[in-house]
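Listed below are the residues making up each chain.
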Amino acid sequence: MDLDELVDVYWQDIAPKRYRDGFDEDRDVPTYEWLTEHGYSGIAYALREHHDLTPKQFFVDVVGLEDDASEEWEWNVDHDDTVNALNAYLTSIETRGGRAESTVETHRTRLAKWVRTYRELHGTDALLEPLSELDQQPREIERCLAVLDVFDEELSTDRSKLEYLHVARAWYAFVKRRKYAKYNPLSEAGEEFGWEASEPDPQALSASQVRRIYGEVDSPEAELLVVALAGWGLRPSEVAALHVEQVALDAEDPHLSFGDGERKNGPGEVTLLYGVDVVADRIDSLSDRETWNGYLFPSRSSSTGHVSVSTIRRRFKQLADTAGVVVDGGTPTPKMGRRFWYSAYQEAVGEVLEGLEGVAEDQGSSSTEVVLRNYLSREQERKARRRRMYEKLEAAFDR
């Protein structure tokens, strides 16, 4: 696996197990002992032999987990009053609230994500300013709900979403008690979402459902939106902010590039196994505009220069609703398209392994994984995997 694939292994497989074991999966670096105990010792070998990295370097520098050895925390917030209020809250829950150090660090991490997402959506990290006037309350409630909309799309479970809401709401309650604010914009936010602490695994769209949604696209923009979500496995936030400079249409290796800070998984590339013609046509159509800013989903009214995550979500739901696609009694969301990609990818990998069963038997190998590792080159294995995945995407996007 390349580094981007190993990062996906962390978020899809390792992180849920870390959470169930009581660790903060967004922060705590797994030890080698934990990895070995849970069957992931091979990742240390892969990192050492193929990427010249130790597990800690990988989890901290590539995945983006926190290094406990780092003593100084940087909020990366320009508004001093907001920084002071954040630090005062953490001090209060530790000294007066008697919270454990690990709990304080969890609150810090989640508040940092809240501030970062708020800034990306609204162009400011001065969170305290709109809380000083009651006439700004309705608009600020909408701003905060927009942040929760992003969490609703990006976080995988209702439990995670509720935990982030709990921490953010507790901070707003703290600044209101301290009279830094006249209201708490999240006091009733939980009523807006149907999040439950216990829930089944999130659903993925089926290939036939993707095909029905894709059949409703009526513009190059809508076509790219569906392909980016279900055909490339991007997050809605990544789709909204796609820029022409990220697109490499090399005939041998078409891909998207993500720099540091542009992606939750860290810098890396996403291979375009399908839909190269779709993004090429979109770029051609936008290039004719004299005022084009380079974003594939541009917006003249947004301070960011591109459409918002809520716009991506709304357009996808409109297509799904027009197609009559229903999942669990409701209109599917963009993350269900992303989950289709992961589900199809897992099936493709499984089919590649199944195809090696005869080789394993002839070679007397203990498993197909051994054959994959010892008898096929990395390039051969990658080509087989991508060929299977292309076939699945072609079937899903066949109109």
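Computed from a predicted model, the values in this text were never measured in an experiment.

As for the overall build of the protein chain
Right, so step 1: The number of helices and strands found in the protein chain is 17 helices and three strands.
Right, so step 2: Put simply, the protein chain has 399 residues, and 47% of those count as buried.
Right, so step 3: As presented, the protein chain carries roughly 20400 Å² of accessible surface, and 43% of it is formed by carbon and sulfur atoms.

Notes on the confidence of the model for the protein chain
Right, so step 1: Of all residues in the protein chain, 86% have pLDDT values of 70 or greater, and the mean over the chain is 82.
Right, so step 2: In the model of the protein chain, helix H15 (residues 357-363) stands out as the element of lowest mean pLDDT, 47, in contrast to helix H10 (residues 220-231), which has the highest, 95.
Right, so step 3: Scored below 50 in pLDDT, residues 358-368 shows twelve contacts in the model against residues more than four places distant or in partner chains.

What to know about the sheet that holds strand S3 (residues 268-271)
Right, so step 1: Taken together, three strands build an open sheet; the order of strands is S1-S2-S3 and the sheet is antiparallel. At either margin of the open sheet sits one strand with a lone partner, and together these are strand S1 (247-248) and S3.
Right, so step 2: Sheet topology note: the S1/strand S2 (residues 255-258) ladder contains two bridges and is antiparallel. Within S2, the position partnered with Ala248 by the bridge is His255.

Here's the deal with the pattern of salt bridges
Pairs can form between side chains of opposite charge whenever their charged atoms are close.
Right, so step 1: Applying the stated criterion across every chain yields a total of ten salt bridges.
Right, so step 2: Arg110 is the partner of Glu163 in a salt bridge, and the nearest nitrogen-oxygen pair spans 3.1 Å. Pair noted here: Glu163 is in helix H8 (residues 158-177) and Arg110 is in helix H6 (residues 101-122), with a separation of 53 residues, a long-range link.
Right, so step 3: Residue Glu163 is classed as partly exposed on the basis of its relative accessible area of 23%.
Right, so step 4: Where salt bridges share partners, they join Asp149, Glu153 and Arg313 into one cluster.

Looking at helix H1 (residues 3-20)
Right, so step 1: For H1, with 18 residues, the first-to-last C-alpha span of 25 Å sits near the 26 Å given by 1.5 Å per residue.
Right, so step 2: Taking the largest bend as the criterion, H1 deviates by roughly 45°, centred on Ile14, and proline Pro16 comes between one and four positions later.
Right, so step 3: All of the buried residues along H1 are Asp4, Glu5, Leu6, Val7, Asp8, Val9, Tyr10, Trp11, Ile14, Ala15 and Arg18.
Right, so step 4: Gly22 sits one or two residues past H1 and shows a positive phi near 90°.

Notes on the nonpolar core
Right, so step 1: Counting residues in hydrophobic clusters, the biggest one holds 49 residues, and the most contacted among them are Leu205, Ile213, Trp232, Leu234, Leu256, Leu296 and Phe397.
Right, so step 2: Among the elements of the structure, helix H9 (207-214), H10, helix H11 (236-240), S2, helix H12 (276-287), helix H13 (309-323), helix H14 (334-354) and helix H17 (378-396) are those that each provide at least two residues to this core.
Right, so step 3: When residues in this core are grouped by element, the largest group, eight residues, is from H10.

Focus: H12
Right, so step 1: Taking 1.5 Å per residue, twelve residues should reach 16 Å; H12 reaches 16 Å between its end C-alpha atoms and fits that length.
Right, so step 2: For H12, the set of buried residues is Val278, Val279, Ala280, Arg282, Ile283 and Leu286.

Concerning a negative patch on the surface
Right, so step 1: Together, Asp78, Asp80, Asp81 and Glu129 give the surface a local cluster of negative charge.
Right, so step 2: For Asp78, a relative accessible area of 71% puts it in the exposed group.

Focus on the packing of aromatic side chains
Right, so step 1: Overall, the coordinates contain 14 aromatic pairs when judged by the stated rule.
Right, so step 2: Ring centres of Tyr89 and Phe174 lie 5.6 Å apart, and the angle between their planes is 65°; this geometry places the pair in the edge-to-face category. Here Tyr89 is found in helix H5 (residues 80-95), whereas its partner Phe174 is found in helix H8, with 85 residues between them in sequence. In this pair, the class of Tyr89 matches that of Phe174, namely buried.
Right, so step 3: Three or more aromatic residues link up through ring pairs in this structure, and these residues are Trp114, Phe151, Tyr164, Trp171 and Tyr172.
Right, so step 4: The residue whose ring lies beneath Arg18 is Trp34, and the NZ or CZ to ring-centre distance is 4.8 Å.

Observations regarding the environment of Val210
Right, so step 1: For Val210, the position within the fold is in helix H9.
Right, so step 2: Note on Val210: relative accessible area 1%, which makes it buried.
Right, so step 3: On a C-alpha basis, the gap between Val210 and Gly337 in space is 7.3 Å, while along the polypeptide they are 127 residues apart.
Right, so step 4: When near neighbours in sequence (up to four residues on either side) are disregarded, Val210 contacts Leu205, Ala230, Phe340, Ala396 and Phe397.

Parameters at a glance
Residues numbered from 1 in each chain as written. Predicted model: local features only at pLDDT ≥ 70, side-chain atom pairs only at ≥ 80, totals over all residues. Heavy atoms only, no water. Helix = DSSP H or I, 4+ residues; strand = E, 2+ residues; numbered from the N terminus. Buried < 20%, exposed > 50% of the residue type's maximum accessible area, 1.4 Å probe, protein only. Areas by Shrake-Rupley, 256 points an atom, 1.4 Å probe, with all protein chains shown as cover. pLDDT = per-residue confidence, 0-100. Contact = heavy atoms within 4.5 Å. Pairing = 2+ DSSP bridges. Salt bridge = Lys/Arg side-chain N within 4 Å of Asp/Glu carboxyl O. Expected span 1.5 Å × (residues − 1). Bend = angle between axes of the 7 residues up to and from the residue. Core = buried A, V, L, I, M, F, W, Y, C linked by side-chain atoms within 4.5 Å. Patch = residues over 30% accessible without salt bridge, like charges linked within 9 Å, V, L, I, M, F, W, Y side chains within 5 Å. Lys, Arg positive; Asp, Glu negative; His and termini not counted. Charge placed at Lys NZ, Arg CZ, Asp CG, Glu CD. Phe/Tyr/Trp six-rings, centres within 6.5 Å; stacked < 30°, edge-to-face > 60°. Lys NZ or Arg CZ within 6 Å of the ring centre and 35° of its normal.

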